Amino acid sequence: MHHIRKVTDDLYWIGANDRRTERFENIHPIPEGVSYNAYMLLDEKTVLFDTVDWSCGRQFFDNVEAALDGRPLDYVVVHHVEPDHAATLGELLLHYPNARVITTAKAKQFLAQFGTDIADHFDAVKNGDSKSFGRHEIHFVAAPMVHWPEVMVSFDSTNGVLFSADAFGSFKALDGKLFADEVNFDRDWIDEARRYYTNIVGKYGKNVQGLLKKTAALDIRMICPLHGLIWRKNLSYFIDKHDKWSRYEPESKGVLIVYASMYGDTEQAADILAGKLVESGVTEVRIFDVSKTDKSYLISEAFRLSHLVLASCTYNLHIYPPMDAFITDM
């Protein structure tokens, strides 16, 4: 049973949704799931852009077969070798042994360390290389440390599609949607997109800025990430968010109060402070108990708001352990 969606006339989304995994990378809660996006280009040559996590392997292979509809698979482009995108690559090559794998030398090395040897299938590319698959010309752009060393993105100069790897991604399963203009993004998606970026890529703002500069000269008309929704309208909105996040520039003027309280006194102090702030005209105030709120949500809010208050009791002559863990994570 397959589930695919058309992206352009000859490009198809053939990924899968994961609603069973409780924590992304076994760290970050994903109560609304996550998508693993893969794309199939049907040109004179068939080109698969990335694979998916093993948790969705069965769905993925059904989708690949349906998209090819009897055609051979000629190429697989691997942008990022993290197992949520490349774990099924080895199995894929057993199904399609004549397929060539287009990726970087470092990605080839990493894949071998993960147990997938592509030596007999490997076509190396580096920053600035291009390859034609018929009507479509794909240009490869290195994106090191966004957020792994081997990452690259690719740009289809024929239709303006940027295959952005883990950049411009988001938590949340797609629930039948595929494009950002099919949802109310500000209401239903922006918080999970921010939480994804700040926790997965947020440390590498300088590298993200480098990638944004590299791609600024490209005529990008669509962004196809490895997680989350595809952008085909109002791209500047989402690009501007990533520009702000990667420059560590807050989106809103406001105060995030994170407290650690054993018996309620520090909690009460946090409430009193919040009240005083609101009385003074600061209406954007958020309060969180560090012992109850997963750090990924706190990191996201720390990026969003302009000011931060950490209020903590002590424990065994040190900072209260959950607060210490949050500070370390920041």
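The coordinates are above.
Before going into details, it helps to say that this report is about the structure given with it. (Residues numbered from 1 in each chain as written. Predicted model: local features only at pLDDT ≥ 70, side-chain atom pairs only at ≥ 80, totals over all residues. Heavy atoms only, no water.)

## What about the sheet that holds strand β13 (residues 137–142)?
(1) Moving on: Pairing is mixed across the open sheet formed by five strands, whose spatial order is β12-β13-β14-β15-β16. Either end of the sheet is taken by a strand with one partner, and the two such strands are β12 (130–132) and β16 (222–224). Mean inter-strand twist for the sheet, computed between neighbouring axes without regard to direction, equals 20°.
(2) Moving on: Summarising the sheet, strand β14 (residues 152–156) and strand β15 (residues 161–163) pair through three bridges and their orientation is antiparallel. In the strand pairing of β15, D156 is matched with V161. (Pairing = 2+ DSSP bridges. Helix = DSSP H or I, 4+ residues; strand = E, 2+ residues; numbered from the N terminus. Axes fitted to C-alpha atoms, helices over the stretch in contact; angles between N-to-C directions.)

## Focus: the pattern of salt bridges
(1) Moving on: Overall, the coordinates contain 20 salt bridges when judged by the stated rule.
(2) Moving on: Close ionic contact of D181 with R232 constitutes a salt bridge, the shortest N to O distance being 2.9 Å. Of the two residues, D181 is situated in the loop between β15 and α5 (185–188) and R232 in the loop between β16 and α8 (235–246); the sequence distance between them amounts to 51 residues.
(3) Moving on: Take R232: its relative accessible area is 34%, and that puts it in the partly exposed class.
(4) Moving on: Among the ionic contacts, a cluster of salt bridges with common partners joins D191, R194, K241 and E251. (Salt bridge = Lys/Arg side-chain N within 4 Å of Asp/Glu carboxyl O. Buried < 20%, exposed > 50% of the residue type's maximum accessible area, 1.4 Å probe, protein only.)

## Some details on unusual backbone geometry
(1) Moving on: The omega angle of the peptide bond from V146 to H147 is 5°, so this bond is cis rather than trans.
(2) Moving on: If you trace the backbone, H147 turns up in the loop between β13 and β14.
(3) Moving on: Residues other than glycine seldom take positive phi values, yet A165 does so here, at roughly 55°.
(4) Moving on: The residue A165 is located in the loop between β15 and α5 in this model.
(5) Moving on: The exposure class assigned to A165 is buried, which follows from its relative accessible area of 1%.

## A few points about the nonpolar core
(1) Moving on: Within the largest apolar cluster, 101 residues are counted, with the highest numbers of intra-cluster contacts made by V7, L92 and F185.
(2) Moving on: Aside from chain neighbours lying at most four places away, what touches V7 is Y12, W13, Y39, L178, F179, M222, C224 and I230.
(3) Moving on: Among the nonpolar cores identified, the runner-up in size contains eight residues, and A270, L277, V285 and A311 belong to it. (Core = buried A, V, L, I, M, F, W, Y, C linked by side-chain atoms within 4.5 Å. Contact = heavy atoms within 4.5 Å.)

## Structural notes on the sheet that holds strand β1 (residues 5–8)
(1) Moving on: An order of β1-β2-β7-β8-β9-β10-β11 is seen for the seven strands of this open sheet, with the pairing classed as mixed. Looking along the sheet, the strands with just one partner apiece sit at the ends: β1 and β11 (122–124). Each adjacent strand pair in this sheet contributes to an overall mean axis angle of 25°, direction not counted.
(2) Moving on: Where strand β2 (residues 11–13) and strand β7 (residues 39–42) come together, three bridges link them in antiparallel fashion. The partner of W13 across the bridge, within β7, is Y39.

## Overview of the side chain of R195
(1) Moving on: Within the secondary structure, R195 is located in helix α6 (residues 190–201).
(2) Moving on: Within the structure, the side chain of R195 is placed 2.7 Å from the backbone oxygen of P29, a separation counted as a polar contact.
(3) Moving on: With sequence-adjacent residues up to four places away left out, R195 is seen in contact with H28, P29, I30, P31, F171, S296, Y297 and S300. (Polar contact = N/O pair within 3.5 Å; in protein donor to acceptor, adjacent residues only side chain to side chain.)

## A closer look at the environment of I102
(1) Moving on: Mapped onto the fold, I102 is located in strand β10 (residues 100–103).
(2) Moving on: For I102, a relative accessible area of 1% puts it in the buried group.
(3) Moving on: Considering only alpha carbons, one finds I102 and P250, 148 residues apart in sequence, at a separation of 38 Å.
(4) Moving on: For I102, the residues in contact, after removing those within four places along its chain, are Y75, V76, V77, V78, D123, V125, K131, F133, F140 and M152.

## A few points about the pairing of β1
(1) Moving on: Pairing geometry for β1 and β2, over three bridges, is antiparallel. Of the residues in β2, the one forming a bridge with K6 is Y12.
(2) Moving on: Connecting β1 to the antiparallel partner β2 that follows it, the hairpin turn spans two residues.

## Overview of the packing of aromatic side chains
(1) Moving on: Per the stated rule, a full pass over the model turns up 19 aromatic pairs.
(2) Moving on: Between F24 and Y196 the ring centres are 6.3 Å apart and the planes differ by 65°, which places this aromatic pair in the edge-to-face class. With a gap of 172 residues between them, F24 in strand β4 (residues 23–24) and Y196 in helix α6 connect regions that are remote in the sequence. Considered together, F24 and Y196 belong to a single accessibility category, that of buried residues.
(3) Moving on: Centroid distance F168 to F238: 6.2 Å. Interplanar angle 50°. Geometry classified as tilted. (Phe/Tyr/Trp six-rings, centres within 6.5 Å; stacked < 30°, edge-to-face > 60°.)

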